[in-house]
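Survey of secondary and tertiary structure
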Protein chains: 2
Amino acid sequence: MAAAAARAETSPGPVAIVAGAGRLPLLIAAALDQAGRSCRVLAIRGFADPATRRRADATVDLLDVRGALDTLCAWAPAGVTLAGAVARPSPAALLNTLAAYRNRDALRSLASGGDDHLLRGVLALLEEHGLQVLGVRDLAPGLMAPEGRLGALAPDEAAEASVEAGRALLASLSPHDVGQAAVVASRRVLAVEGPEGTDRMLARARALARRPFGLGRPPAGMVLVKRAKDGQDLRVDLPAIGPRTVTRAAEAGCLGIAVGSGDTLVLDRAETVALADRLGLFLLGLPPDPEPSR
Amino acid sequence: MAAAAARAETSPGPVAIVAGAGRLPLLIAAALDQAGRSCRVLAIRGFADPATRRRADATVDLLDVRGALDTLCAWAPAGVTLAGAVARPSPAALLNTLAAYRNRDALRSLASGGDDHLLRGVLALLEEHGLQVLGVRDLAPGLMAPEGRLGALAPDEAAEASVEAGRALLASLSPHDVGQAAVVASRRVLAVEGPEGTDRMLARARALARRPFGLGRPPAGMVLVKRAKDGQDLRVDLPAIGPRTVTRAAEAGCLGIAVGSGDTLVLDRAETVALADRLGLFLLGLPPDPEPSR
């Protein structure tokens, strides 16, 4: 990855940003502008925000794989990055579109696996066309969570114990194809994230925390812990938090949020941190695990 | 545990069954009758089924800890078993009731921990009063899941892979205070059980399986895997499945259910197996993990 970034650094071509929903595409563009690197934006129709579309150099349909590849290849970019959410297309539409480019059995295997699996397929397709895929970490490391406290607050002892229990749990889950977040209180795991995503998991934790539980108040030291799995391809699958995560975590009764430093994106950092401070939540960047495997 | 069971076997006193909701208390009583061992039933008012109450030798309120202890001690039982569900009482009520018997700080610590924690507290209270607590495994081993196929159907290859992925996941989760069940499809984990219980987890998996996913049909090889954690005290916290589990798993789109043999109760086995056969689900008792720690 470091080598790839270095190559992109020295290559004369622009960085191509394939832009889905949200502010991330323009945050990356701004970071590249600031670093004096040129970039081009390929907006995905129906997903890219209005501001992104105004800045876009070209626009494609989500399922127009041929058009996207043609545009990207014509730009001869130093690297391509996929940024911003898109709804997963219907599997039938996806299969029909991609079928021209890849072996159908490989596609079936892709489609029946997890999202990880599908994203790895998209990545392979881009790379087969000579495009080098880069991640936010390579292009805009300043958008990633730093180590240590991000806002004004620090975890108390109970929250620290929960953060450690959550960290250990996610490390245990790392070899399995399962979510990368959990809600923990007093070392007890209230919820493990599945394909439903962080917001729905927090809604579940909120419902559980409201049941008669413990001393009749929300369970002590309730926290959200989120981080990448070992071996997760952060170029296409990056854990992220933002203002909405902070709001939902506060509603669930969390005292704070701990994320993997360097492997988790903090969207709209200033706003996210200010909101956490205002709602009384700590934000913490966890150091990498001590294991040599990380 | 083997020693405890042997002592109960040879002791002249009856086995005392503290009976909550459901059929388990009478299933244990029937197994003891069949084995020629005497038993007495202490029904919990408002929870024990009508049939259990008719068979009961005495009845107590859930929070009448003093009354329950007095009755149990008067029976001089060879052992006590806690059988059948009770709703967790409100924490304030629980604290007030138990406060006379245990140090308040210990109670606070109990109440803020997981259910495991609370059950261990109840267990300790009984043992402090000289009562020996026995589990279903000791008293009615025939109610536990055997190893291998329980019904007419066996898992196909996809389901077998999911069962193995679920088994490995639950083994990884074992050191953490989290649920003992998961729904897995194509090696991907759709849901991990938290304090919400198996039924709600299955409802979540059902919703996820209906989203556009994979090839537009329910994900391949979807299964429910359930088993005890390492070190779980099976006397007071026994994984269980029954007809309702089979119905909910079928509704979610599961091909079958795999449970830990010897550590999972199969309620109403004949009905459970017949229902699984009728709905086309396999039921499988998993062998113990190969690790020496089990």
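What this report covers is the structure whose coordinates are included nearby. Keep in mind it's a predicted model, so treat the numbers as computed, not measured.

Concerning the packing of helix α10 (residues 198-210) of chain A against helix α11 (residues 243-252) of chain A
Each pair of packed helices can be described by the angle between their axes along with the distance between the axes. All names here are of chain A. Axis separation between α10 and α11 bottoms out at 8 Å; the angle between their running directions is 15 degrees. Our classification of the angle between α10 and α11 gives roughly parallel. Pair α10 / α11 crosses with left-handed handedness. Contact residues: α10 offers T198, D199, L202, R206 and A209, while α11 offers R244, T245, R248, A249, E251 and A252. Here the residues of the contact of α10 with α11 are counted per class, giving 4 nonpolar, 2 polar and 5 charged.

As for the pairing of strand β1 (residues 15-19) of chain A
Residues and elements named next belong to chain A. The element β1 is largely enclosed, with a buried count of 5 among its 5 residues. Residues V15, I17 and A19 point to one face of β1 and A16 and V18 to the other, with burial holding for every one of them. Here β1 runs beside strand β4 (residues 79-83); their pairing, made up of 5 bridges, is parallel. Following the sheet pairing, V15 is matched in β4 by G79. Taken together, the 5 bridges between β1 and strand β2 (residues 39-44) define a ladder with parallel strand orientation.

Some points on empty space enclosed by the protein
Here the idea is plain: a probe the size of a water molecule rolls over the atoms and shows the empty space left. Residues and elements named next belong to chain A. Taken as a whole and judged by the stated rule, the model has 1 cavity of 30 Å³ or more. By volume, the largest cavity is sized at about 40 Å³. Taken together, L170, L173, S174, V178, G179, Q180, R227, A228 and K229 make up the full set of residues lining the largest cavity. Split by residue class, the lining of the largest cavity holds 4 nonpolar, 3 polar and 2 charged.

Remarks on α10 of chain A
Here α10 of chain A contains 13 residues, and its C-alpha end-to-end distance of 18 Å stays within 8% of the 18 Å for a straight helix at 1.5 Å per residue. Every buried residue of α10 of chain A is listed here: T198, M201, L202, R204, A205, L208 and A209 of chain A. Buried residues in α10 of chain A, looked at end-on, bunch into an arc of 155 degrees, giving them a common side. Opposite its buried face, α10 of chain A presents the exposed residues R200 and R210 of chain A, each directed more than 90 degrees away. Where α10 of chain A is buried, its residues contact β6 (181-185), β7 (188-192), β8 (223-226) and α11 of chain A together with α10 (198-210) of chain B.

Thresholds, definitions, all that
- Residues numbered from 1 in each chain as written.
- Chains lettered and ligands numbered in written order.
- Predicted model: local features only at pLDDT ≥ 70, side-chain atom pairs only at ≥ 80, totals over all residues.
- Heavy atoms only, no water.
- Axes fitted to C-alpha atoms, helices over the stretch in contact; angles between N-to-C directions.
- Helix = DSSP H or I, 4+ residues; strand = E, 2+ residues; numbered from the N terminus.
- Parallel < 35°, antiparallel > 145°, perpendicular 65-115°, else oblique.
- Left-handed = near helix turned anticlockwise from the far one by under 90°.
- Contact = heavy atoms within 4.5 Å.
- Nonpolar A, V, L, I, M, F, W, Y, C, P; charged D, E, K, R; others polar.
- Buried < 20%, exposed > 50% of the residue type's maximum accessible area, 1.4 Å probe, protein only.
- Pairing = 2+ DSSP bridges.
- 1 Å grid on protein atoms, 1.4 Å probe; cavity = no way out; pocket = protein on both sides within 12 Å on 5 of 7 lines; lining within 4 Å.
- Points joined across faces, edges and corners; volume = space filled by probe spheres on them.
- Expected span 1.5 Å × (residues − 1).
- Arc of directions from axis to C-beta.

These figures capture arrangement, not role.
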